[in-house]
Amino acid sequence: MSETITIRCPSDGREVGRVATLDTTQVRQRIDALREAQAEWEAMGPRGRAHHLYRWRDWLLANEQHLADVLQSETGKPRAEATIEAPLACDFINYFARNAERFLQDSRRKPHGPLGLPKKLLTLRRPYAVVGVISPWNFPLAMPTMDVVPALAAGAAVALKPSEVTPLSALELARGWREIGAPAVFDVLTGPGTTGAALVESVDFVQFTGSTATGKAVAQQAAARLIPYSLELGGKDPAIVLADADLDRAVEGIAWGGLFNAGQVCVSIERVYVEAPIYDQFVARLSDRVQRLRQGADDRHFRFDVGPLATPAQRDLVETQVIDAVNSGAKALAGGNRGARGNFFEPTVLVDVDHSMACMSEETFGPTLPVMKVADAAEAIRLANQSPYGLSATIWTGNPEAAIRLARHLQVGAVNVNDALSNLFNFALPHSGWKSSGVGSRFGGADGVRKYTRQQAITVPRSSLMKRELLWYPYGPRKGKFVSRVLRLITARGLARFIAR
Ligand code: NDP
């Protein structure tokens, strides 16, 4: 009999579910079944597939409150954050289902030159048969659908391995797919990291979201099998607040951008650089705002703003960073302590920090906002780039054009001006990590679907009258000379067309 994993609510540690641990053989069998079903799914075409995707959307909306309950049970998220995941998933579905036909259209190509003229040229987009999606615990419903939906729209079958910390929402997604009567091209494979590694052994493309350390292991395993992969990894995203910023908006936006989902967002604001003239005012207002946030175990009544961390280990990591910073001279102007129960850690504002402290140089993935004073924008850019990560950044200013000029100096995959996280909600844009934050990208309009396909080149003779091509047998001196003259005429330039040197 399979082993099971117990799922606990991070707010109070109560058991909320159990799931099976799938071993290598079970993973292979389930992926073989997906592979079997995929050909028909591909043959259905984008419109046929969109029909099922829209029905899935309707199922998600019909079950919205229940899905939010499940999300809250396994993450402890506030209701306000749990209730946005299903509608967000529906937004992905609408976008990719509506556009997949256009994104995947066959494309006629012009010949590269005279030698190509006798042929009609075409490229087709053919999906990888089985795409493996491995996802983390921070958005157990919205995050997997970001990848599952475009892969399904592309015509691939999809095996999803959710985090062992939060697999219940993913299982709900699979239940919905079954209940709408869609073909068996989507499956959820539960288990720990070893189940993820088994998935990488059997699929044809890996879409991984998680830590940089695990991402490297996945990349090595995929490389050994010569299968492509795309990695969305960790970050240490900076916010740059310039002296001309609208302080009301900057304070609200940075508080939310750093503390949304208790800071467990890949593109969370994890460090803040503020120009000297407004620094005192900014930190006073930010710490006041953060102190007024309500933290607790939420119910269906939208009573709290900030929830717990997903695991005790994650809470301990945040606590260690804060204690280390304070021991090295930092001050907590808000928060700074673990909660009395569950995995809570208070929303925290730290000042008097510098890059020697882990809270400024290592990923936190928690509810902390360390703030540093800088002389000017140039210093802010220099410090922002001083990181192995390059996921995203935010710039807060009264001059958006200047912000776009500054963005050209930032080594990150996205820059949000006077807003946080917003690139993630705009699927026409690519979401990609630079440096240690990733390889490849998700979304990005047509690229979001095309990444799950391979190009297939097709050539067809324009005329059916010719019984032989020029280069075919038989070979002989007259034909050989003729062919080499023709090739010279076409490929050489100037006099060399006619005279061999
Ligand atoms: P992990 O890297 O620990 O895990 C991610 C997923 O990989 C989980 O499903 C995990 O399973 C699985 N896994 C673990 N080991 C292996 C393995 N050897 N082979 C295949 N799969 C494996 O990340 P976390 O879940 O802790 O998520 C937090 C991290 O994710 C942060 O670093 C964050 O920055 C990053 N992240 C990046 C995002 C982006 O878009 N760039 C978005 C969100 C998060 P299990 O949980 O069961 O161990």
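See the structure above.
Residues numbered from 1 in each chain as written. Predicted model: local features only at pLDDT ≥ 70, side-chain atom pairs only at ≥ 80, totals over all residues. Heavy atoms only, no water.

1. Description of the overall build of the protein
When you go through the protein residue by residue, the secondary structure sums to 17 helices and 22 strands. Overall size of the protein, expressed as C-alpha extent along the three principal axes, is 90 × 60 × 35 Å. Within the span of the protein, comprising 501 residues, buried residues form 55% of the whole. For the protein, the accessible area works out to roughly 22,400 Å², and carbon and sulfur atoms hold 54% of it. (Helix = DSSP H or I, 4+ residues; strand = E, 2+ residues; numbered from the N terminus. Buried < 20%, exposed > 50% of the residue type's maximum accessible area, 1.4 Å probe, protein only. Areas by Shrake-Rupley, 256 points an atom, 1.4 Å probe, with all protein chains shown as cover.)

2. Description of the environment of Leu189
Looking at the element boundaries, Leu189 is found in the loop between strand E7 (186-188) and helix H8 (193-202). With a relative accessible area of 0%, Leu189 lands in the buried category. Residues in contact with Leu189, not counting those within four places in the same chain, are Leu22, Val27, Arg30, Ile31, Ala159, Leu160, Lys161, Pro162, Thr195 and Leu199. (Contact = heavy atoms within 4.5 Å.)

3. Some details on the site of the ligand
Surveying the vicinity of the ligand reveals 30 residues, the closest of which are Ser135, Lys161, Ser211, Leu233 and Glu363. For the ligand, an oxygen atom lies 2.8 Å from a polar atom in the backbone of Ser135. Between the ligand and the protein, one listed contact pairs an oxygen atom with a side-chain N or O atom of Ser211 at 2.6 Å. Starting from 910 Å² of accessible surface for the ligand in isolation, the protein chains cover 87%. (Near = heavy atom within 4 Å. Polar contact = N/O pair within 3.5 Å; in protein donor to acceptor, adjacent residues only side chain to side chain.)

4. A few points about a nonpolar patch on the surface
Among the surface-exposed residues, Leu470, Leu471, Trp472 and Phe482 lie close enough to one another that they form a single nonpolar patch of about 450 Å² accessible area. For Trp472, the location among the structural elements is in the loop between strand E22 (453-461) and helix H17 (477-491). Residue class for Trp472 comes out partly exposed when judged on its relative accessible area of 46%. (Patch = residues over 30% accessible without salt bridge, like charges linked within 9 Å, V, L, I, M, F, W, Y side chains within 5 Å. Salt bridge = Lys/Arg side-chain N within 4 Å of Asp/Glu carboxyl O.)

5. A short note on the packing of aromatic side chains
Considering all chains together, one arrives at 17 aromatic pairs under this definition. Each ring, one from Trp177 and one from Phe186, has its centre 6.3 Å from the other, and the planes form 85°; the classification is edge-to-face. Each member of the pair, Trp177 together with Phe186, is buried. The rings of Phe92, Tyr95, Phe96, Phe103, Phe427 and Phe443 are connected pair by pair, giving a single aromatic cluster. (Phe/Tyr/Trp six-rings, centres within 6.5 Å; stacked < 30°, edge-to-face > 60°.)

6. Topic: the sheet that holds strand E3 (residues 107-109)
Pairing within the open sheet is antiparallel, and its 3 strands lie in the order E3-E4-E22. At either margin of the open sheet sits one strand with a lone partner, and together these are E3 and E22. Averaged over all pairs of adjacent strands, the angle between strand axes in this sheet comes to 30°, irrespective of strand direction. Bridge count for E3 against strand E4 (residues 119-127) is 3 bridges, and the pairing is antiparallel. (Pairing = 2+ DSSP bridges. Axes fitted to C-alpha atoms, helices over the stretch in contact; angles between N-to-C directions.)

7. Remarks on the nonpolar core
Counting 111 residues, the largest nonpolar core has Trp56, Phe186 and Phe282 as the members making the most contacts within it. No other element matches the 11 residues that helix H5 (residues 85-103) contributes to this core. With residues near it in sequence (within four places) discarded, Phe186 still touches Leu34, Trp56, Val148, Leu152, Val158, Leu160, Leu173, Ala174 and Trp177. Counting 27 residues, the second-largest nonpolar core is a separate cluster that includes Met372, Ile381, Ala403 and Leu406. (Core = buried A, V, L, I, M, F, W, Y, C linked by side-chain atoms within 4.5 Å.)

8. Structural notes on the pairing of strand E14 (residues 368-374)
Extensive coverage of E14 is indicated by the burial of 6 of its 7 residues. With 4 bridges connecting them, strand E11 (residues 269-275) and E14 associate as parallel partners. The partner of Val274 across the bridge, within E14, is Lys373. Pairing geometry for strand E13 (residues 348-351) and E14, over 3 bridges, is parallel. Among the inter-strand pairings, Val349 is bridged to a residue of E14, identified as Leu369.

The values are spatial; any link to function lies outside them.
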